[in-house]
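# Examination of the molecular architecture
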Amino acid sequence: MKHLSVFFIFLLTGCSSTLTNQEAFNQVEIDISERLDTKVLWVNSKETEDEMSKKVTELLKQELTPDSATKIALLNNRGVQATFEELGVARAEVMSAALFPNPLLSVSSRFPSGGGRTNFEFGITENFFTLLFLPLQKSIAESGLEAAKSKVSNEVLALASEVKTAFYELQGTLQDKELLKTVLAATEASYVAARQIHAAGNTTDLELQNEQVMYEQTKLELAKSETEIRQLREKLTTLLGLWGEGTNWTIAERLPEIPATEVDFREIEKTALTSRFDLASAKTQIEITGKTLGIAAPFAVFQGSELGLDTERDVDGQWVTGPNFALPIPIFPQGTAASARAEAQYKAALFKYYELAVQIRSETRAARDKLIGHQKQIEFMKKVMLPLRHSVVQQTQIHYNGMLLGLFALISAKQAEIEAGRSLVSEIKEYWKARTMLERAVGRVFPLERPEATTISSPDKTSQSQHEH
Amino acid sequence: MKKQNLISRRDMLTSTALTLGGGALLLTRAGSVSAEMPWDEASNKKGEYAALPPEQAGGNYNPVITPNGSSLPFKVVNGVKVFHLIAEELEHEFAPGLRATCWGYNGQVHGPTIEAVEGDHVRIYVTNNLYAPTTVHWHGVILPSGMDGVGGLSQKAIQPGETFLYEFTLKQHGTLMYHSHHDEMTQMALGLMGMIVIHPREPKGPKVDRDFVLMTSEWKIDPGTSRPDPNEMTDFNVLTFNARVYPGTDPLVVKQGERVRIRIGNLSAMDHHPIHLHGYYFTVVATDGGDIPEAGRWPETTVLVPVGATRTVEFVADNPGDWAMHCHMTHHVMNQMGHGLPNLVGVKSGIIDKKIQNLLPSYMTMGQNGMGDMAEMGMETPKNSIPMVGARGPHDYITMGGMFTILKVREGLTSYEDPGWYTAPAGTQATTARDEDLLRDGIKVKKSPKRAAPKGGGTYTCPMHPEISSANPGNCPKCGMTLVPKRS
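The shown structure was predicted, so the numbers you read here are calculated from the model rather than taken from an experiment.

## Focus: the overall build of chain B
A count of helical and extended segments in chain B gives six helices and 25 strands. In chain B, which comprises 488 residues, the proportion classed as buried is 47%. Here the analysis covers contacts within chain B between residues at least 6 apart in sequence; of these, 70% occur between residues at least 24 apart. Carbon and sulfur atoms provide 55% of the accessible area of chain B, an area that totals close to 23,700 Å².

Printed below as a string of structure tokens:
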């Protein structure tokens, strides 16, 4: 019995993880706030729920901005909260990986047929092979936790990106609707003029109806725009995790102006490679498969090895006690298969990592070029096209004054100016969406003012610090 | 035609005419040879009589008046009249506010009137200072084929920088024309034309006191541009007397009782012009073919001048006043009108204004009352253009432009300067019918609603809102238009 208790104590004092959910989440919080400049909250207690509620209510009092919408989503979106729980799952894996397997107690009693004492047998066995590889298994599970953190952070960034894209899409459509209303006013003015001219007997039914067609067509376009706006609102509401009263949020009906300072495109690919969590995840996967490769063969071969202690009361009343040991005999080469599998998985992880890196670089360049493209077009439209259209309207008015052009020509010119304005709004909307896409590609937001110095923390450095405890 | 007989008969008749002076003998008239012009007389028959030098030009003819223009100066060299025409590009004013780059002669558009006397031997030097080849054709002049001026046919075209010499003897009298006959569509559309007046050696008929020359033409000048478009075939918008539009046309000033002759030549691209004179009937006395025999002359108030023809009319100015003279095609007395506009006559426009002003605050519907009110509104129109512009007359705005001028007949004039506006003597002025007249003649009319009395004694008002009155210029408080001086 003494031996047993010693055995138990040895088991219990084994190194086990005392990592809490919150501690696991800390790194995610740090990473997210560094990249998005936003706090993220894991709502897993009454206090955090109250805190979150209060914050969201506060944010909803104002008109939504891309920043405030992102903040609300990160606090309120239940989907991302579900993702946080994956950390719990990974943490449980670490915990279970650090735990010794429970020893097996066996008891048997046999009754001699020829008389004598009842034969009792007690035994305790422990899967000792697992014991040997416990630290390595724990290490693998810890890598798994790192991978989970990266995955969670990546999900958060993806959500933030989705929110901003939905936001700009909605805002751009709202701004376009205002201009579309002006187009409607123009077609209405044309139609009203045609009606009055028709009433005086000066034009045909056909000419009147042609004007009416353009007017009614524009009404239709406006109705379609309003339907689309409702759909886009719903999309944003869903991402923000709101319902009931919460769906009454307001938003400015104008896109923000293009920022005066440009995005810092220097070393943008390098930033992307160091900031992105899916790449960090892929790297951790290499670690995991590498570590697994280390124990795959022996694990496959020697799994089931046991070490134990048993005692038996013989029929003659004597207690016989002693240790026992069981080991599978490696006749069949199970290890090779396991090794081969582990190696293949390791190589696959390597290739996947490189592929992702190439993809990320390409994504980043493409997103940057798209952003620059939109920026240039906006500049051109502002400097050249819109002033020109305005000038055309003025000149048309001057010709109208001289009764050289009619009022329909004047309204047409004005309409063309408004359409040019709509094109500009569309371009500005695409700019902001492209900027969001670039932020997604690079894995961090760009401040609207250029900072003095940027410090970039990569997932590698932080996971290192986690290992030291 | 038999040469021998003609020459002898002509000699006989002209000598008879000389003896009888300016007598209106039917025989002489019938025998006048304008219809039987010998065409083959040697062109080197100089010195039949010596042409009078410029200082003595008044000696054997009464010089014509080319309103807004002048006659081509000449010199006499060994009895030959020598002229120099220089074809060149220049800037020309059609009326104040409308200038364009045109082609003309000797610094003017159209070219100066060439005046000579029947029998003169003339040398006309033509220098081409254009950048395109040109020629000059003497429209209606009887001359040798090689002097006719048709590019390619009669002569080589005059290249830029070259000077050609045209030389011939004038065997006729009458009103003729000269114009480019190379790439006519372009060159004439840009202004290369002028009048020729050949005075008879022995004038017949009553003495003419005032002899005017008018050349009609048509142009396409897009408002806001500064060059006529020679490609236009149907939609001309600038119609001119001597390359001017009203209010840029100088009036024809005449003393009451004078005999007036007006020679009209039409070298428009496509349109004949019915020229109408108010206050008179005149007699059509000649064409570019020559004098019309007296029995054949017919009376008109409107003489149709076909393209490529001249018509000369005469009358005695016994009716004093300011008399409009103009082409009677209504679109030809508008300046740079636009076409293809919606018809807005009679349209109730209040709601139109409201709807459009949401988009264009300075918009105002125009044309509901026709075009009459437009010119005085003072709105900005394309630069270098005079759409619909007329002039302020003594009573009101004269809503005319284009091919329009005024014959001013006054009693006891001491000079032919513009005498100002005519004041109709009492009893000869159309004005609002007085109540006593209506009553006496039993005319029943609805009383027109009294317009709101203007506030205060202001001197500026809004063309659209007459009830507005302001002491100072500015903008109408109701519609924002520029205020105009009140009509006295």
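## Comments concerning the overall build of chain A
Per the secondary structure count, chain A includes twelve helices and four strands. Whereas a compact globule of 469 residues would reach a radius of gyration of roughly 23 Å, chain A reaches 35 Å, over 25% beyond that. Dimensions of chain A, computed from C-alpha atoms along their principal axes, come out at roughly 130 × 45 × 40 Å. Looking at chain A as a whole, 45% of its 469 residues are labelled buried. The long-range share in chain A, meaning contacts at least 24 apart out of those at least 6 apart in sequence, stands at 79%. With an accessible surface of roughly 24,800 Å², chain A has 58% of that area assigned to carbon and sulfur atoms.

## Some thoughts on the packing of aromatic side chains
Residue and element names in this part refer to chain B. Scanning all chains against the criterion turns up 20 aromatic pairs over all chains. Judged by centre distance (5.6 Å) and plane angle (85°), the rings of Trp103 and Tyr131 are edge-to-face. Of this pair, Trp103 sits in strand S3 (residues 98–105) while Tyr131 sits in the loop between strand S5 (121–128) and strand S6 (137–139), and the two are 28 residues apart along the sequence. Judged by relative accessible area, Tyr131 falls into the exposed class, the value being 55%. The aromatic ring of Phe74 is capped on one face by Lys81, whose charged end is 4.8 Å from the ring centroid. The positively charged end of Arg210 is found above the aromatic ring belonging to Tyr416, 3.5 Å away from the centroid.

## Digging into the interface of chain B and chain A
Many descriptions give the size of an interface as the accessible area lost when the pieces come together. The interface is formed by 32 residues belonging to chain B together with 28 residues belonging to chain A. Connecting chain B to chain A are one salt bridge. Here Lys355 of chain B ties to Glu188 of chain A by a salt bridge, and the two come within 2.9 Å at their closest N and O atoms. If you look at where chain B meets chain A, you find nine residue pairs in polar contact (both at pLDDT 80 or more).

## Side note on the packing of helix H6 (residues 128–199) of chain A against helix H5 (residues 350–357) of chain B
Contact pair H6 of chain A / H5 of chain B: the axes reach a minimum separation of 9 Å and the direction vectors enclose 170°. The orientation of H6 of chain A with respect to H5 of chain B, classified from their angle, is roughly antiparallel. Touching Glu188, Ala189, Val192, Ala193, Arg195 and Gln196 of chain A of H6 of chain A are Ile351, Ile352, Lys355 and Ile356 of chain B, all from H5 of chain B.

## Section: the packing of helix H3 (residues 46–61) of chain A against helix H4 (residues 66–76) of chain A
Residues and elements named next belong to chain A. Orientation of H3 relative to H4, taken along the N-to-C sense of each, is 155°, at an axis distance of 10 Å. As far as their axial angle goes, H4 and H3 are roughly antiparallel. The handedness of the crossing between H3 and H4 is left-handed. Here Met52, Lys55, Val56, Leu59 and Leu60 of H3 come into contact with H4, specifically with Ser68, Lys71, Ile72, Leu75 and Asn76.

## Focus on the nonpolar core
If you look at the biggest cluster of nonpolar residues, it comprises 64 residues, and the most contacted ones within it are Leu236 and Leu240 of chain A. Looking at this core, the elements with two or more residues in it are helix H2 (21–36), H3, H4, helix H5 (78–98), H6, helix H7 (205–239), helix H10 (334–401) and helix H11 (407–442) of chain A. Looking at which element gives the most residues to this core, the answer is H6 of chain A, with 14 residues. Ignoring anything within four residues of it in the chain, the contact list for Leu240 of chain A reads Leu64, Ala69, Ile72, Ala73, Asn76, Asn77 and Val163 of chain A. The next biggest cluster of nonpolar side chains, apart from the first, holds 30 residues, and it includes Phe83, Ala116, Ile158 and Tyr166 of chain B.

## Digging into the sheet that holds strand S12 (residues 252–255) of chain B
Residue and element names in this part refer to chain B. In space, the five strands of this open sheet follow the order S12-S23-S20-S14-S18, with mixed pairing throughout. Two strands lie at the open edges of the sheet, namely S12 and strand S18 (302–305), each paired on one side alone. On average, adjacent strands in this sheet sit at an angle of 20° to one another, irrespective of strand direction.

## Observations concerning the environment of His332 of chain B
All names here are of chain B. Position of His332 relative to the elements: it lies in the loop between strand S20 (321–327) and H5. Once the C-alpha coordinates of His332 and Leu360 are considered, the two residues, 28 residues apart in sequence, prove to be 33 Å apart. If we ignore the near neighbours within four places in the chain, the residues touching His332 are Glu218, Leu239, Asp271, His273, Cys327, Gly401, Gly402 and Met403.

## What to know about H5 of chain A
For H5 of chain A, built from 21 residues, the straight-helix expectation of 30 Å at 1.5 Å per residue is met to within 8% by its first-to-last C-alpha distance of 31 Å. Taken together, the buried residues of H5 of chain A touch H2, H4 and H6 of chain A.

## Quick notes on the side chain of His374 of chain A
By the element assignment, His374 of chain A lies in helix H10. Since its relative accessible area comes to 11%, His374 of chain A is described here as buried.

## Quick word on the sheet that holds strand S9 (residues 193–199) of chain B
Residue and element names in this part refer to chain B. Pairing in this open sheet of four strands is mixed, and the strands run S4-S9-S8-S6 from one edge to the other. Only two strands of the sheet have a single partner each, and these edge strands are strand S4 (114–117) and S6. Within this sheet the neighbouring strands show an average axis-to-axis angle of 25°, counted without direction. Where S6 meets strand S8 (residues 174–179), three bridges bridge the pair, whose relative direction is antiparallel. If you follow Trp138 over to S8, its bridge partner there is Tyr178.

## Digging into a nonpolar patch on the surface
Residue and element names in this part refer to chain A. Taken together, the side chains of Leu105, Val107, Phe120, Phe122 and Trp319 make up a nonpolar region of the molecular surface, amounting to roughly 500 Å² of accessible area. The set of elements that each furnish at least two residues to the nonpolar patch consists of strand S1 (104–110) and strand S2 (119–126). With respect to the secondary-structure elements, Phe120 resides in strand S2.

## Focus on unusual backbone geometry
The linkage connecting Val109 of chain B with the following residue, His110 of chain B, adopts the cis geometry, with an omega of -5°. Structurally, His110 of chain B can be placed in the loop between S3 and S4.

## Structural notes on the pattern of salt bridges
Proximity of charged atoms lets side chains of opposite charge pair with each other. Residues and elements named next belong to chain A. Within this structure, the stated rule accounts for 51 salt bridges over all chains. Ionic pairing is found between Lys149 and Glu146, a salt bridge with its closest N-O pair at 3.0 Å. Of the two residues, Lys149 and Glu146 are both situated in helix H6; the distance of three residues between them amounts to about one turn of the helix. Lys149 gets classed as buried once you look at its relative accessible area, which sits at 3%. By relative accessible area, Glu146 is classed as buried at 10%.

## Some thoughts on the confidence of the model for chain A
Overall, the prediction assigns chain A a mean pLDDT of 87, with 91% of residues at 70 or greater. Ignoring residues within four places in sequence, the model shows residues 450–469 of chain A, a span with pLDDT below 50, making 30 contacts including any to other chains.

## Some points on the environment of Ile411 of chain A
The topology assignment puts Ile411 of chain A in helix H11. Sequence-distant contacts of Ile411 of chain A, defined by excluding residues within four places in its chain, comprise Ala186, Ala189 and Ser190 of chain A together with Ile356 of chain B.

## Some thoughts on the confidence of the model for chain B
Residues and elements named next belong to chain B. The pLDDT averaged across chain B works out to 86; a share of 82% of its residues lies at or above 70. Low pLDDT (under 50) marks residues 12–47, which in the prediction has 38 contacts with non-local residues, meaning those over four places away or in another chain. Two summary scores accompany this predicted model of the complex, namely pTM at 0.78 and ipTM at 0.77.

Parameters and conventions
- Residues numbered from 1 in each chain as written.
- Chains lettered and ligands numbered in written order.
- Predicted model: local features only at pLDDT ≥ 70, side-chain atom pairs only at ≥ 80, totals over all residues.
- Heavy atoms only, no water.
- Helix = DSSP H or I, 4+ residues; strand = E, 2+ residues; numbered from the N terminus.
- Buried < 20%, exposed > 50% of the residue type's maximum accessible area, 1.4 Å probe, protein only.
- Contact = heavy atoms within 4.5 Å.
- Areas by Shrake-Rupley, 256 points an atom, 1.4 Å probe, with all protein chains shown as cover.
- Rg over C-alpha atoms; globule rule 2.2 N^0.38 Å.
- Phe/Tyr/Trp six-rings, centres within 6.5 Å; stacked < 30°, edge-to-face > 60°.
- Lys NZ or Arg CZ within 6 Å of the ring centre and 35° of its normal.
- Salt bridge = Lys/Arg side-chain N within 4 Å of Asp/Glu carboxyl O.
- Polar contact = N/O pair within 3.5 Å; in protein donor to acceptor, adjacent residues only side chain to side chain.
- Axes fitted to C-alpha atoms, helices over the stretch in contact; angles between N-to-C directions.
- Parallel < 35°, antiparallel > 145°, perpendicular 65-115°, else oblique.
- Left-handed = near helix turned anticlockwise from the far one by under 90°.
- Core = buried A, V, L, I, M, F, W, Y, C linked by side-chain atoms within 4.5 Å.
- Pairing = 2+ DSSP bridges.
- Expected span 1.5 Å × (residues − 1).
- Patch = residues over 30% accessible without salt bridge, like charges linked within 9 Å, V, L, I, M, F, W, Y side chains within 5 Å.
- pLDDT = per-residue confidence, 0-100.

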